[in-house]
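Residues per chain, in single letters:
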Amino acid sequence: MKRIFVLGKQCLLIFWVFGVGIFYSRYSSASHCSIMNQTAIETESQRLGLQLQHWNRLYRLSGSSPINDETYDQLFNTWQHWQACQNLPTQLPLLNLSTEQRVTKHPVAHTGLKKLNETEIEHWLDTRTNVWLQPKLDGVAVSLVYKQGKLVSMISRGNGIEGLEWRDKADFIPSLPKEILTSRPLLIFQGELFWRLENHIQQSKGGVNARNQIAGWLMRKTVPEIPENNIGVFIWAWPNGPKNGKQQWEQLANLGFTLSQQHSHKIENMDQVRVWQQHYYQQSMPFATDGIVLKSFPTPQMDAWQANSNSWAVAWKHPHKSRLSTVIELSFHVGRTGRVSVVAEIEPIELDSKVVHRVSLGPLSAWHKKDVVAGDTIQVGLAGHGIPKLESVIWRPQQRKVLDTSLFSQFHFFSCFTAKPHCYQQFVARLNWLGKQLKIKGISEGTWREWVENHQLTSLTTWLSTNWQDNLPNSKKVAKLIVQFRNAYKQPLKNWLKGLGIPLNDKYLSFFSELSQLNDAVFINSLGLSLESKEKLERWLLIPEIQEALLVIDDLKVKPPT
């Protein structure tokens with residue numbers, strides 16, 4: 001059974017599919033060029049590109065961003081896809097920092113890391129022999145420059161070519177050596193300033209905002225007054241250092257950078273990579289990580305290092321704690337009490353080895369606040385017991401459909417006690433609730449639905465009629481259900497009343513022993529109900545379908561079926 005309603009001045013089509021729900025017409029998914037018109041691709045690609053550049057500027061300059069890395073990466077992939085659809089460049093323009101204050105050029109460019117998946121990592125590893133693995137710390141990248149053993153510069157990553165000069169902040173980081181005993185006239189290190197954590201397990205705790213804590217401290221306009229002991233330093237590159245990985249880590253340890261040696265591991269095969277990836281994801285660490293890094297040695301001469309160009313080091317990110325997806329359509333489900341709940345069907349994503357197709361958006365009022373419609377990009381995570389949940393709306397297209405949901409105002413606690421065309425969902429939910437309260441086993445909501453659709457089950461007590469029962473299909477399952485139907489009179493009165501949706505909680509229902517008490521003012525007053533509860537009970541008793549059902553139950557109690 002399918003019904004179509006035209007709603008609102010915009011004449012939005014709403015499809016009602018029996019037993020599934022009310023769906024707003026399907027939105028063309030933005031993940032495929034072929035089903036997105038060229039104008040939409042151009043508009044959204046330009047808008048998203050500008051937003052990515054804004055976030056990129058915040059991150060490159062200060063190390064902080066309003067969104068986390070995995071969200072940025074997924075949006076960047078979407079933007080690249082849209083660019084490819086138009087045969088346009090798939091790399092963002094290099095950030096121009098020339099107008100920023102305190103900008104300093106890196107002595108050696110920060111090359112960045114290409115992020116690969118497990119299969120790509122395996123292929124990359126097959127072509128290399130001298131490979132080392134390190135954790136990918138979730139911190140703020142810097143260049144450290146020592147001349148004649150003295151720290152002269154600490155530069156933020158910036159655009160990889162130039163960044164902010166933070167030398168004045170370095171004096172307040174005790175873990176960072178300000179002077180090194182060395183015969184080398186120039187030492188250039190690239191590394192990560194990180195926020196020290198205690199017994200941090202990435203899998204269960206995530207990033208805990210560690211990077212933003214670092215970035216916030218570094219971006220203060222005033223010079224710190226006291227040392228910050230919570231900041232650590234991890235050196236992951238020594239461009240003008242030894243070309244042998246083992247020698248590099250040993251010498252770094254001798255210079256005071258001990259973490260590099262502790263957390264660098266020689267790799268011979270992909271099995272070792274998987275073991276260490278799980279180690280840094282699942283085991284207790286003194287820092288937050290967002291993946292692992294693989295490096296092949298020897299690295300190129302430092303004058304060959306270029307921003308956003310690196311073939312000798314790659315990253316494998318940890319599994320996403322949340323993922324982005326596009327909302328395809330919304331379904332609106334009317335429950336037993338008239339509460340309308342909203343579910344978003346989304347482009348399938350995988351979270352914690354589970355494929356997620358839909359996400360609950362809560363009741364209608366909550367959905368209005370979240371402002372989610374088809375075509376929006378949302379961030380989905382897993383709540384307790386692995387239940388998908390909406391974390392936030394990440395991106396809204398410029399052209400969005402405003403939905404008219406006035407249809408749902410007709411549903412409430414006292415609506416749909418019979419099988420009227422617009423009431424099927426709520427009525428079936430009432431039947432299903434009644435069956436559960438009467439302990440009827442072996443009947444699902446789908447069976448009630450099928451009977452309403454094809455067997456004229458029109459009231460809450462139609463199923464008690466022997467004539468109606470005799471017209472059901474002849475099967476063993478139906479025969480067992482009919483036996484339960486004819487024994488329903490044995491159920492306590494409180495179960496019947498609760499099943500019919502009486503607006504009283506269980507503590508009051510236990511006092512009812514006869515139906516006549518419902519109309520006994522003295523008895524009702526003795527329950528100590530609030531004025532609101534009394535008015536709600538009176539309204540429920542005046543519903544014709546409830547009056548009819550109570551008569552049927554009374555007759556059933558007096559004259560049980562044979």
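Basis of the calculations
Residues numbered from 1 in each chain as written. Predicted model: local features only at pLDDT ≥ 70, side-chain atom pairs only at ≥ 80, totals over all residues. Heavy atoms only, no water. Salt bridge = Lys/Arg side-chain N within 4 Å of Asp/Glu carboxyl O. Helix = DSSP H or I, 4+ residues; strand = E, 2+ residues; numbered from the N terminus. Pairing = 2+ DSSP bridges. Axes fitted to C-alpha atoms, helices over the stretch in contact; angles between N-to-C directions. Parallel < 35°, antiparallel > 145°, perpendicular 65-115°, else oblique. Left-handed = near helix turned anticlockwise from the far one by under 90°. Contact = heavy atoms within 4.5 Å. Nonpolar A, V, L, I, M, F, W, Y, C, P; charged D, E, K, R; others polar. Disulfide = S-S within 2.5 Å. Buried < 20%, exposed > 50% of the residue type's maximum accessible area, 1.4 Å probe, protein only. Lys, Arg positive; Asp, Glu negative; His and termini not counted. Polar contact = N/O pair within 3.5 Å; in protein donor to acceptor, adjacent residues only side chain to side chain. Arc of directions from axis to C-beta. Phe/Tyr/Trp six-rings, centres within 6.5 Å; stacked < 30°, edge-to-face > 60°. Lys NZ or Arg CZ within 6 Å of the ring centre and 35° of its normal. UniProt positions renumbered as here; feature names shortened; annotations may be inferred.

Caption draft 1: Local environment of the pattern of salt bridges. Throughout the structure, instances matching the rule amount to 15 salt bridges. Glu118 serves as the salt-bridge partner of Arg274, at 2.6 Å between the closest nitrogen and oxygen. With Arg274 in helix H9 (residues 270–282) and Glu118 in helix H3 (residues 118–126), the pair connects residues that are 156 residues apart, well separated along the chain. With a shortest N-O distance of 3.3 Å, Asp290 and Lys136 are connected by a salt bridge.

Caption draft 2: Looking closely at the sheet that holds strand S13 (residues 289–296). An order of S5-S14-S13-S6-S12 is seen for the 5 strands of this open sheet, with the pairing classed as mixed. The outermost strands of the open sheet, each flanked by one partner alone, are strand S5 (114–115) and strand S12 (265–267). Relative to strand S14 (residues 313–317), S5 runs parallel, the two sharing 2 bridges. Pairing of Lys114 across the sheet is with Val314, part of S14.

Caption draft 3: Representation of the packing of H3 against H9 in the model. As a packed pair, H3 and H9 sit with axes 10 Å apart at the nearest point and diverge in direction by 135°. What the angle tells us is that H3 and H9 run oblique. Regarding H3 and H9, the two cross each other, and that crossing is right-handed. Along its contact with H3, which presents Glu118, Ile121, Glu122 and Leu125, the element H9 presents Met270, Val273 and Arg274. For the contact of H3 with H9, a count of residues per class yields 4 nonpolar, no polar and 3 charged.

Caption draft 4: How the structure looks around the sheet that holds strand S8 (residues 150–156). The 4 strands are arranged S8-S7-S10-S11 in an open sheet whose pairing can be described as antiparallel. The sheet is open, and its two edges are formed by S8 and strand S11 (231–237), each paired on a single side. The average undirected angle you get between the axes of adjacent strands in this sheet is 35°. Sheet analysis places strand S10 (residues 186–195) next to S11, joined by 6 bridges and oriented antiparallel. Counterpart to Phe194 in the pairing with S11 is Gly232. Where helix H6 (residues 210–218) meets the sheet, its contacts fall on strand S7 (140–147), S8, S10 and S11, and the angle it forms with S10 comes to roughly 120°.

Caption draft 5: Spatial organisation of the state of the cysteines. Enumeration over the complete set of coordinates arrives at 1 disulfide. Disulfide partner of Cys416: Cys423, at an S-S distance of 2.0 Å. Since a negative S-S torsion denotes a left-handed disulfide, the Cys416-Cys423 link at about -70° is left-handed. Just as Cys416 is buried, Cys423 falls in that class too.

Caption draft 6: Structural context of the side chain of Glu192. Note that Glu192 resides in strand S10. No salt bridge is formed by the buried Glu192; the nearest opposite charge belongs to Arg211, separated by 5.9 Å. Within polar-contact distance, the side chain of Glu192 engages the side chain of Trp236 at 3.0 Å.

Caption draft 7: Quick look at helix H12 (residues 445–454). Within H12, burial applies to Thr447, Trp448, Trp451 and Val452. Each buried residue of H12 lies within a common arc of 135° when the element is viewed along its axis, so the set occupies one face. The elements touched by buried residues of H12 are helix H11 (424–437), helix H13 (466–470) and helix H14 (476–486). The positive-phi residue at the C-terminal boundary of H12 is Gln456, with phi of around 55°.

Caption draft 8: Inspection of the environment of Thr418 at higher detail. Topologically, Thr418 is positioned in the loop between strand S19 (388–395) and H11. Judged by its relative accessible area of 18%, Thr418 is buried. Those residues within four positions of Thr418 in sequence are excluded, and the remaining contacts are Cys423, Phe427, Thr458 and Glu545.

Caption draft 9: How the structure looks around the packing of aromatic side chains. Enumeration over the complete set of coordinates arrives at 21 aromatic pairs. An aromatic cluster is built from Trp448, Trp451, Trp463, Trp468, Phe485 and Trp496, whose rings are joined through pairwise contacts. One Lys or Arg, Arg336, reaches over the ring of Trp433 and ends 4.1 Å from the middle of that ring. Over the face of the ring belonging to Phe417 we find Arg430, whose NZ or CZ atom lies 3.8 Å from the ring centre.

Caption draft 10: Representation of the UniProt feature "active site" (unreviewed entry) in the protein within the structure. UniProt's feature table lists "active site" (unreviewed entry) at Lys136, given in the numbering used throughout. On the secondary structure map, Lys136 appears in strand S6 (residues 131–137). Residue classification places Lys136 among the buried positions, given a relative accessible area of 15%. Those residues in contact with Lys136 that sit more than four places away from it in its chain are Asp69, Leu113, Ala288, Thr289, Asp290, Gly291, Ile292, Val293, Ala315 and Lys317.

Caption draft 11: Molecular detail of the side chain of Ser260. Looking at the element boundaries, Ser260 is found in helix H8 (residues 258–262). Accessibility expressed as a relative area gives 0% for Ser260, which makes it buried. A polar atom in the side chain of Ser260 sits 2.6 Å from the backbone oxygen of Ile235. Leave out the neighbours within four places in its chain, and Ser260 touches Gln134, Phe234, Ile235, Trp249 and Leu252.

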